Amino acid sequence: MEETRIGVYICNCGTNIAKVVDCEAVAEAMGKLPQVTVARVYKYMCSNPGQDMICQDIREHGLNRVVVAACSPRMHERTFRAAVQSAGLNPYLLEMANIREHCSWVHEEQDAATAKAMALTRSAVLRVAKHEPLEKMSADMCPFTLVIGGGIAGLTAALELADAGHGVYLVEKAGQLGGTLARDDLTAPYLDSARDLMTERLTRVGQNEKIQVFLGAEVKKLSGFIGNFNATIRTAAGNGTGEERSVDVGSVIVCTGYQEFDASRITHYGYGKLPNVITSFEFERMLRAGRIQTHEGRIPQYVAIVHCVGSRNREFHGYCSRVCCMTALKYAHEIKSAIPGVYVSDLYIDMHAFGKGHEDFYRHSSEVKTLFLMYGKNAHPVIRKAGRGDDGERLLEVNEQLSGEVIEIPADLVILMVGMEARQDAGEVARLVNISQDKDGWFIESHPKLDPVATTTEGIFIAGTCAAPKDIPDSVAQARAAAARILGKIAKEKIEIDAVFAEVNEDLCSGCRVCNELCPYSAIDFDPVRRRSHINSALCKACGACGAACPSGAIKARHFTDQQIFAQIEGVLS
Amino acid sequence: MAIRVNPKLIEEIEKYGAEDVTKCYHCGNCSAVCPHSREPFVFPRKSMRNLQMGLEDKLKGSLEPWLCYYCGQCSEQCPRDAEPGETMMSLRRWLTSVYDFTGISQTFYRSWKAELFTILVVTVLTGIGFFLYGFSRGDIRTYGGPTAFLPSSTIHVFDWIMGGVLAALLAINAGRMWWFMVGRQKGLRIPFFAYLRKAYLLPLHFFTQKRYAMCERKGPWLVHLALMLSYFAMLVLIMFFLHEMQAGPRIDWRFHAVGYVASLGLIGATLYALHGRWRKRQTQYRHSHESDWIFLVLLLAVAVTGVLQHVFHRAGWDVAANVTYVVHLMGVVPMLVLEVPFSKWAHMVYRPLAMYFADLLVLARADKQNDASAELARKAGVA
């Protein structure tokens with residue numbers, strides 16, 4: 001066996017590390033360890049000269065292991081792995097010691113910090129000696145994509161992929177495509193027709209041969225991993241029997257949308273009991289029919305619009321539904337245009353006019369004399385029957401925050417701006433595609449800012465309102481982003497699978513299935529015939545849960561072997 | 001108890017000049033920038049809000065509009081161009097019509113045609129009346145003496161009768177103003193002595209307009225003060241020294257010097273305002289209600305004809321002087337009979353009154369608070 005020759009590189013990180021840790025002392029101590037060939041200090045190890053220094057040492061001193069004591073591996077492990085690889089070393093023969101976040105940034109006393117930096121680096125040195133070269137694996141990338149949900153996000157994602165020449169299976173639960181947007185009349189703030197937006201999408205989807213649409217269909221089962229999923233789509237046939245079809249896809253985009261908040265849950269608005277207290281969706285239907293009228297068929301002279309029904313409320317949903325403010329302004333505009341002299345009051349908590357053109361639209365609404373009334377979060381308007389001789393059929397009592405007065409306003413028609421909520425079946429979908437939901441039921445993205453359409457399961461993407469309330473532009477942008485992510489993978493043709501994953505030694509496995517339930521990524525299958533568990537390396541994220549739990553010691557996590565962990569502990573303690 | 005809104009109020013007050021009230025989204029910049037706005041009278045935002053919501057009753061009793069001098073800073077700061085300054089101005093017009101029990105003010109403000117027509121009718125009637133009177137007893141070729149066309153003794157009596165009627169009208173409206181602002185408020189006690197103790201505020205505000213001086217820009221205050229003092233000086237000269245003013249053709253400098261200065265003040269200030277409203281460069285002059293134009297033009301006409309008849313008289317052109325004098329009266333009478341009680345002029349009474357009431361209200365509220373704390377202290381046994 002080849003002699004182990006380790007190079008240790010201590011980074012000053014400018015003064016980030018050096019001002020607390022005596023880096024020279026660390027290098028000196030490391031240099032005395034057995035198997036350490038060189039130990040050096042440099043100002044910025046991640047810089048090009050820093051990396052060159054490591055590469056040169058690998059070549060000159062014949063190093064076969066490298067330790068970089070610097071920042072968190074989350075920051076620069078990729079950098080240094082690439083560097084050692086360029087010098088001909090297997091990238092997994094590198095180990096990083098985090099002496100910045102874990103040491104210099106959190107300690108002040110120099111001697112103690114230096115001692116800790118030495119312990120951390122020593123631990124990395126002992127660990128790296130036990131490293132084995134690992135090779136990344138690859139799998140084929142199936143160029144087909146499964147899109148679940150045929151609303152604006154699903155249609156857009158499907159078109160984006162199909163336009164690039166790739167096949168799409170578009171599965172829609174309802175009997176027709178369009179989702180909730182198909183129920184809208186005009187869209188805020190530019191007042192273009194939702195029908196126009198939808199018709200354009202639907203025509204293009206209909207004409208595109210690459211898109212196969214399943215209506216009244218559901219995905220029953222999804223198995224496999226990125227690049228190699230298999231989905232079972234069940235179509236409800238006319239006679240109720242239904243038909244199942246199995247398709248192979250490389251990626252999945254979940255665009256299942258939202259459902260409207262049930263206004264009858266807020267009892268004090270009397271929705272469902274009082275006539276002429278309607279939801280925004282019911283009003284949208286009136287607008288599409290082209291006639292705004294009361295239950296009795298009269299033209300309303302006083303219309304009240306109540307915001308935040310079910311949203312921004314601790315009892316129901318704490319979040320903002322984002323689209324209702326602009327939709328309410330759109331209603332105000334449409335009512336004002338349709339009924340001359342109508343009195344429109346808009347009862348809000350805060351006006352969220354955050355998007356492009358929204359503030360102008362808000363301004364326009366006040367110019368056309370919409371009466372904006374601010375009610376308190378904990379003082380909801382009260383709807384009462386008006387007396388004889390009062391204007392309007394009902395009276396809304398509002399504790400108006402901008403004036404501090406309790407007032408009564410007339411209303412013939414009350415529109416409740418119901419918020420968005422996660423669909424009732426979101427949990428089923430989450431389990432089906434193996435993604436997580438947050439406390440409100442929305443699907444969780446891989447990173448809320450930097451990776452908003454990917455999920456923790458590779459190959460599964462989310463777009464539109466299934467991830468959180470959002471408006472049309474944001475849903476479309478997400479759909480296109482998800483499609484772009486998939487196109488990138490299709491273009492590469494192969495899926496690279498990280499070399500770090502867990503393996504089951506089938507000779508040791510007793511088939512107890514403890515690991516099966518523990519795996520948070522559903523990466524472990526059980527073979528009932530051979531009574532052995534098997535880990536799908538493409539799905540495994542190397543969290544180590546299975547390895548720690550295995551009573552037979554049959555699971556080995558590559559790059560996190562027992563010897564490596566013990567060496568690491570020894571290094572810290574010695 | 002919830003306040004019932006009047007949904008039509010905003011439309012109503014639009015007729016008085018307010019245009020952009022609904023644009024306001026209550027950032028409060030206007031109240032922050034206004035040098036007059038301070039507890040407990042914070043405006044213009046609050047007034048804008050009450051107007052937007054249609055709290056008619058509250059607005060009827062509000063004195064904030066009278067505390068505003070329309071320097072225009074609020075409108076300049078407004079991010080929504082909601083014109084808070086113009087709204088306060090419109091509220092003053094509206095309040096004038098609210099105080100006026102005859103309803104004439106309301107008719108005038110809501111229809112400039114009605115106002116102009118009434119003025120023309122009164123003008124014509126005045127002209128006919130004075131010409132008939134003059135020809136019936138005097139000679140149009142004589143200005144003074146026993147055969148004078150319009151002897152000062154007659155005009156003097158006429159002035160005092162007219163003044164009496166005006167004072168009565170204004171007093172009734174001022175009484176209504178007191179009722180809306182102070183009288184009808186339940187639980188508010190203002191001791192009679194306080195009314196006397198604070199009475200000095202009325203002449204103080206009337207003659208100095210010191211609150212106007214609190215505005216950052218002092219120019220408008222000076223012009224307004226000049227106009228007001230000129231007007232007042234002229235009023236005193238006419239009401240008490242008409243005989244001396246009309247005597248001539250010798251110039252009696254004791255009285256005429258004052259008259260000249262006052263005329264100069266009136267004409268200068270009126271021209272300044274007319275020019276400002278025409279050019280629309282200054283914020284407070286950007287929006288002009290028809291009543292503003294009628295008022296200024298009438299005032300200018302009265303001032304100029306007054307000067308002309310004086311000049312003609314001194315020049316010995318008695319016919320011209322007499323004719324011009326009648327024309328002068330044709331302006332004076334509608335101005336005093338219509339503008340003073342029912343339109344813009346009425347603010348010379350309402351403004352000082354509002355400031356007087358403001359002090360009384362603050363006093364009364366402080367008393368009430370003291371009473372409440374004394375009561376608390378008594379209950380707690382620490383008194």
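Residues numbered from 1 in each chain as written. Chains lettered and ligands numbered in written order. Predicted model: local features only at pLDDT ≥ 70, side-chain atom pairs only at ≥ 80, totals over all residues.

A. Molecular detail of the overall build of chain B. Helix and strand counts for chain B come out as 17 helices and one strand. Here chain B has a C-alpha radius of gyration of 23 Å; the compact-globule value for 383 residues is 21 Å, and the two agree. Dimensions along the principal axes, computed over C-alpha positions, put chain B at roughly 85 × 50 × 35 Å. By residue count, 38% of the 383 residues in chain B fall in the buried class. Partitioning the contacts of chain B with sequence separation of at least 6, the portion at a separation of at least 24 is 74%. (Helix = DSSP H or I, 4+ residues; strand = E, 2+ residues; numbered from the N terminus. Rg over C-alpha atoms; globule rule 2.2 N^0.38 Å. Buried ≥ 20, exposed ≤ 12 C-beta atoms within 10 Å, placed from the backbone. Contact = placed C-beta atoms within 7 Å.)

B. Summary view of the overall build of chain A. Across its full length, chain A carries 15 helices and 30 strands. For chain A, the C-alpha atoms occupy an extent of roughly 100 × 60 × 45 Å along the three principal directions. Within chain A, contacts between residues separated by at least 24 positions form 69% of all contacts whose residues are at least 6 apart in sequence.

C. Region of the structure containing the sheet that holds strand S16 (residues 277–279) of chain A. Residues and elements named next belong to chain A. Ordered by their spatial adjacency, five strands build an open sheet running S16-S23-S17-S18-S19, and the pairing between neighbours is parallel. The two strands at the open ends of the sheet, each matched to only one other strand, are S16 and strand S19 (371–374). When the angles between neighbouring strand axes are averaged without regard to direction, this sheet yields 25°. Each of strand S17 (302–309), strand S18 (343–348) and strand S23 (413–418) touches helix H9 (residues 324–338); the most contacted strand, S17, lies at about 170° to it. (Pairing = 2+ DSSP bridges. Axes fitted to C-alpha atoms, helices over the stretch in contact; angles between N-to-C directions.)

D. Fine view of the sheet that holds strand S4 (residues 94–98) of chain A. Residue and element names in this part refer to chain A. Pairing within the open sheet is parallel, and its four strands lie in the order S2-S1-S3-S4. If you trace the sheet from one side to the other, it starts and ends with strand S2 (36–42) and S4, each paired once. Mean inter-strand twist for the sheet, computed between neighbouring axes without regard to direction, equals 15°. Bridging between strand S3 (residues 65–70) and S4 involves five bridges; their strand directions are parallel. Of the residues in S4, the one forming a bridge with Ala70 is Asn98. Helix H2 (residues 48–61) contacts strand S1 (6–11), S2 and S3 of the sheet and is inclined by roughly 165° relative to S2. Contacting S3 and S4, helix H3 (residues 73–86) crosses the sheet at an angle of about 150° to S4.

E. Highlighting the packing of H2(A) against H3(A). Residues and elements named next belong to chain A. Put simply, H2 and H3 touch, their axes get as near as 9 Å, and they point 35° apart. Crossing handedness for the pair H2 and H3: right-handed. Mapping the contact onto sequence places Gln51, Ile54, Cys55 and Ile58 in H2 and Ala83, Val84 and Ser86 in H3. Residues belonging to the contact of H2 with H3 are distributed by class as follows: five nonpolar, two polar and no charged. (Left-handed = near helix turned anticlockwise from the far one by under 90°. Nonpolar A, V, L, I, M, F, W, Y, C, P; charged D, E, K, R; others polar.)

F. Representation of H3(A). All names here are of chain A. Given a rise of 1.5 Å per residue, 14 residues ought to cover 20 Å, and the 18 Å separating the end C-alpha atoms of H3 matches this to within 8%. Within the span of H3, buried status applies to Phe80, Arg81, Ala83 and Val84. On an axial view of H3, the arc spanned by its buried residues comes to 160°, and they lie on one face. Against the buried residues of H3 lie H2, S3 and S4. Downstream of H3 by one or two residues, Gly88 has phi in the positive range, about 95°. (Expected span 1.5 Å × (residues − 1). Arc of directions from axis to C-beta.)

G. Just the domain arrangement of chain A, in detail. Here the domain parsing of chain A yields domain 1 (6–134), domain 2 (145–257 + 423–494), domain 3 (262–418) and domain 4 (502–558). Placing a centre on the C-alpha atoms of domain 1 of chain A and another on those of domain 4 of chain A gives a separation of 33 Å. (Domains from an automatic or database assignment.)

H. Main features of the nonpolar core. If you look at the biggest cluster of nonpolar residues, it comprises 128 residues, and the most contacted ones within it are Ile305(A), Ile415(A), Leu416(A) and Met417(A). Considering each element in turn, this core owes the most residues, eleven residues, to helix H16 (residues 318–342) of chain B. Residues Leu181(A), Val213(A), Val249(A) and Ala502(A) belong to the second largest nonpolar core, which totals 84 residues. (Core = buried A, V, L, I, M, F, W, Y, C linked by C-beta atoms within 7 Å.)

I. Summary view of the domain arrangement of chain B. Residues and elements named next belong to chain B. Under the domain assignment, chain B is made up of domain 1 (16–99) and domain 2 (111–363). Measuring from the centre of the C-alpha atoms in domain 1 to the corresponding centre in domain 2 gives 27 Å. Each partner contributes to the interface: domain 1 provides 24 residues, whereas domain 2 provides 27 residues. Secondary structure elements with two or more residues in the side of domain 1 that touches domain 2: helix H5 (64–67), helix H6 (73–77) and helix H7 (84–99). Here the side of domain 1 that touches domain 2 gets six residues from one element, more than from any other, and that element is H7. When grouped by side-chain class, the residues that make up the side of domain 1 that touches domain 2 number ten nonpolar, eight polar and six charged.

J. Fine view of the interface of chain B and chain A. Between chain B and chain A, the contact holds 16 residues from the first and 17 residues from the second. Every element with two or more residues in the side of chain B that touches chain A is listed here: strand S1 (3–4) and helix H3 (45–53) of chain B. Take the side of chain B that touches chain A: its biggest share by element is four residues, from H3(B). Grouping the constituent residues of the side of chain B that touches chain A by class yields eight nonpolar, four polar and four charged. Both strand S22 (residues 405–411) of chain A and S1(B) contribute to a ladder of two bridges, which runs parallel. When the bridges of S1(B) are listed, Glu408(A) appears paired with Arg4(B).

K. Region of interest: the environment of Tyr169(A). All names here are of chain A. Mapped onto the elements, Tyr169 comes out in strand S7 (residues 168–171). Taking C-alpha positions, Tyr169 is 47 Å from Leu373, a pair spaced 204 residues apart along the chain. Apart from the residues lying within four places of it in its own chain, the contact partners of Tyr169 are Phe144, Leu146, Val147, Gln212, Phe214, Ile233, Val247 and Val249.

L. Spotlight on the pairing of S4(A). Residue and element names in this part refer to chain A. For S4, a buried count of five out of five residues is recorded, marking the element as mostly surrounded by other parts of the structure. Neither face of S4 is exposed, since Leu94, Met96 and Asn98 on one face and Glu95 and Ala97 on the opposite face are all buried. Crossover handedness for the path S3 to H3 to S4: right-handed. (Right-handed = clockwise from strand over helix to strand, strands pointing away.)

M. Spatial organisation of helix H6 (residues 152–163) of chain A. Residues and elements named next belong to chain A. Taking 1.5 Å per residue as the helical rise, H6 with its twelve residues ought to reach 16 Å, and the 16 Å between its terminal C-alpha atoms agrees with that figure. H6 sits mainly inside the fold: eleven of its twelve residues count as buried. Among all positions in H6, only Ile152, Ala153, Gly154, Leu155, Thr156, Ala157, Ala158, Leu159, Glu160, Leu161 and Ala162 are buried. Where the residues of H6 are buried, they touch strand S6 (145–148), S7, helix H7 (194–207), strand S10 (211–214), strand S14 (251–254) and helix H12 (472–492). Looking one or two residues past H6, Gly165 carries a phi angle of roughly 95°, positive in sign.

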